[in-house]
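Breakdown of the fold
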Amino acid sequence: REPGRREIPLLEVHKAKREDAGKNIVRIDKKTRERLGIKKGNYVYIVGESKAKAKVASAHKEDTGKNIIRMNKKLREKAGVNFKDKIKIEKVEDDA
């Protein structure tokens, strides 16, 4: 396989914690961000029945290494994903 080309991991959808309610962010751990070539502050598309754009933030300490993505109800509904779904995300290339 090509260097830098890795299988895109599926991330398990988890609910946002109370402090993130209403924020347009997803929380992803550092190891997963590195595997996807995504940095904190980048934007990604949450890919479900449709797509939703959100800003990437650091995972909570207790989520590290668990291959999960946290997002609020509004983002889950917009992307058409549910709690515990396994989903893909895509980096927004223009990052606008």
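The final tally for this structure, using the stated rule, is 0 aromatic pairs. For the cation-ring pair, K15 lies above F83, with the distance from its terminal atom to the ring centre recorded as 4.9 Å. The ring of Y43 has K53 sitting right over it, with the charged end atom 5.2 Å from the ring centre.

Turning next to unusual backbone geometry. Keep in mind that most residues, glycine aside, have a negative phi and that most peptide bonds are trans. The phi dihedral of N67 falls on the positive side, at around 55 degrees, and the residue is not glycine. With respect to the secondary-structure elements, N67 resides in the loop between β4 (51-58) and β5 (68-71). In the Ramachandran plot, K84 falls in the positive-phi region, its phi being about 75 degrees despite a non-glycine side chain. By the element assignment, K84 lies in the loop between α2 (73-79) and β6 (86-91).

Another point: the side chain of D29. Counting through the fold element by element, D29 comes out in the loop between β2 (25-28) and α1 (30-36). For the buried D29, no salt bridge exists, and the shortest N-O distance to an oppositely charged side chain is 6.4 Å, to R33. At 2.5 Å, the side chain of D29 forms a polar contact with the backbone nitrogen of G65. If sequence neighbours within four positions are ignored, D29 has contacts with A59, D63, T64, G65 and K66.

Glancing now at the pattern of salt bridges. Inspection of every chain in the model, using the stated rule, returns 8 salt bridges. One salt bridge in this structure joins E62 and K17, with 2.2 Å as the shortest N-O distance. Of this pair, E62 sits in the loop between β4 and β5 while K17 is found in the loop between β1 (11-15) and β2, placing the two residues 45 residues apart along the sequence. On the basis of relative accessible area, E62 is assigned to the partly exposed category, the value being 42%.

Here we come to the pairing of β6. Across 2 bridges, the pairing between β1 and β6 is antiparallel. Following the sheet pairing, E12 is matched in β6 by K86. Pairing between strand β3 (residues 43-47) and β6: 4 bridges, direction antiparallel. By the bridge assignment, Y45 is partnered in β6 with E90.

Mapped onto the elements of the fold, K78 is located in helix α2. Here K78 is in contact with S50, K51 and A52, once residues within four sequence places are set aside.

About the thresholds
Residues numbered from 1 in each chain as written. Predicted model: local features only at pLDDT ≥ 70, side-chain atom pairs only at ≥ 80, totals over all residues. Heavy atoms only, no water. Phe/Tyr/Trp six-rings, centres within 6.5 Å; stacked < 30°, edge-to-face > 60°. Lys NZ or Arg CZ within 6 Å of the ring centre and 35° of its normal. Helix = DSSP H or I, 4+ residues; strand = E, 2+ residues; numbered from the N terminus. Buried < 20%, exposed > 50% of the residue type's maximum accessible area, 1.4 Å probe, protein only. Lys, Arg positive; Asp, Glu negative; His and termini not counted. Salt bridge = Lys/Arg side-chain N within 4 Å of Asp/Glu carboxyl O. Polar contact = N/O pair within 3.5 Å; in protein donor to acceptor, adjacent residues only side chain to side chain. Contact = heavy atoms within 4.5 Å. Pairing = 2+ DSSP bridges.

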